[in-house]
Amino acid sequence: MIDEATLAQMNERYVCPPDAEPAWREACEYGFDMSLVEDTLRLSPEERLERHQRALDMILELQEGCDSHAAK
Amino acid sequence: MPQNDKGLLLRLKEHDVEFVIIGGVCGVLHGISLVTQDLDICCRFTPENLRRIERALKNLHACHRLTANKLPFELTDELCVRLKNLYLQTDIGILDCLGEVAGIGSYDQALKRSVIHRMSYGEFSILDLDALIAAKEAVGRERDLAAVKLLRAIKKRNETGKNPS
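Structure report, in brief. (Residues numbered from 1 in each chain as written. Chains lettered and ligands numbered in written order. Predicted model: local features only at pLDDT ≥ 70, side-chain atom pairs only at ≥ 80, totals over all residues. Heavy atoms only, no water.)

Before going further, it helps to spend a moment on the overall build of chain A. Counting secondary structure elements, chain A contains 4 helices and 0 strands. Order of helices (α) and strands (β) in chain A, N terminus to C terminus: α-α-α-α. The burial tally for chain A puts 29% of its 72 residues in the buried class. Total accessible area on chain A is roughly 5,200 Å²; 55% of this is exposed by carbon and sulfur atoms. A distance of 3 Å separates the average location of the 7 positive side-chain charges in chain A from that of its 17 negative side-chain charges. (Helix = DSSP H or I, 4+ residues; strand = E, 2+ residues; numbered from the N terminus. Buried < 20%, exposed > 50% of the residue type's maximum accessible area, 1.4 Å probe, protein only. Areas by Shrake-Rupley, 256 points an atom, 1.4 Å probe, with all protein chains shown as cover. Lys, Arg positive; Asp, Glu negative; His and termini not counted. Charge placed at Lys NZ, Arg CZ, Asp CG, Glu CD.)

Structure below.
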């Protein structure tokens, strides 16, 4: 049996913890997905840079795809 | 165009360039989840250090990316004295070298306000969180101020030592 809180986490977007610091809440309310930040903070700086590189590679690949599509 | 930050950092390290990582990659190392498309560093603008940068980027077809004809990055004695910043494009990505950081000051001041991050391929000085926040606030663009919100949240999280749930 799945409890309501877990089900909400499955169905809904990131919910700022009730005890979150004001700075954390402000960033969350601004629209940042703080679950990504939480994930990132679990990594070492080197792992963060590697993850960033993968994300950047993907973005650049997509941009290249868009550019070549537009050129056709 | 690729952007290989690790490749650029390795080359700078191998050639003993004196630099501090600033900007978006610095934010990434501190834990922000935003993607940045260049590598920004603050470095000492002495002829010796500029020559090190030149050697580090050898064979990468480095050019001054903001000049009309993308002039090749070829130092002269005159340029070594007169350059204050370098906005470079290379075969493995963009590298912006600044002589000063907004809100912080010169390379020496940036170095004083830096921390060392150890990676498997070397140790790198990066602006500490407070300095990065000050720098981004000084620049003041919307995207910088948005990043400040994340950085402040991370700073508070680091201070309280509260692990992500």
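With that settled, the discussion passes to the packing of aromatic side chains. In total, this model carries 3 aromatic pairs over all chains according to the counting rule given. Among the aromatic residues, those joined into a ring-pair cluster are B:F19, B:Y121 and B:F124. Here B:K13 stacks its cationic end above the ring of B:F124, 5.3 Å away from the centre of that ring. We note B:R157 situated over the ring of A:W24; from NZ or CZ to the ring centre the distance is 3.8 Å. (Phe/Tyr/Trp six-rings, centres within 6.5 Å; stacked < 30°, edge-to-face > 60°. Lys NZ or Arg CZ within 6 Å of the ring centre and 35° of its normal.)

Bringing the state of the cysteines into the picture now. Such a bond, covalent and formed between the sulfur atoms of two cysteines, is termed a disulfide. All names here are of chain B. Using the criterion set out here, one finds 0 disulfides over all chains in the structure. Free cysteine: C42, not disulfide-bonded; nearest cysteine sulfur from C43 at 6.4 Å. Cysteine C43 remains unbridged, with the sulfur of C97 as its closest cysteine sulfur at 4.4 Å. (Disulfide = S-S within 2.5 Å.)

With that settled, consider the layout of surface pockets. In this approach a probe as big as a water molecule rolls over the atoms, and the regions it shows empty are the leftover space. Residues and elements named next belong to chain B. Considering only enclosed or pocket space, the largest pocket measures out at about 640 Å³ in volume. Looking at the largest pocket, it is lined by 24 residues, and the ones nearest its centre are G23, D40, K136, R141 and D144. Elements with a minimum of two residues in the lining of the largest pocket: helix 2 (23-30), strand 5 (93-98), strand 6 (100-101), helix 6 (129-139) and helix 7 (142-160). For the lining of the largest pocket, the element with the highest residue contribution is helix 6, accounting for 4 residues. Here the residues of the lining of the largest pocket sort into 12 nonpolar, 4 polar and 8 charged. Roughly 170 Å³ of internal volume is contained in the second largest pocket. (1 Å grid on protein atoms, 1.4 Å probe; cavity = no way out; pocket = protein on both sides within 12 Å on 5 of 7 lines; lining within 4 Å. Points joined across faces, edges and corners; volume = space filled by probe spheres on them. Nonpolar A, V, L, I, M, F, W, Y, C, P; charged D, E, K, R; others polar.)

On to the side chain of B:H117, then. Tracing the sequence through the fold places B:H117 in strand 8 (residues 114-119). By relative accessible area, B:H117 is classed as buried at 13%. With sequence-adjacent residues up to four places away left out, B:H117 is seen in contact with A:P45, B:L29, B:G122, B:E123, B:F124 and B:I126. (Contact = heavy atoms within 4.5 Å.)

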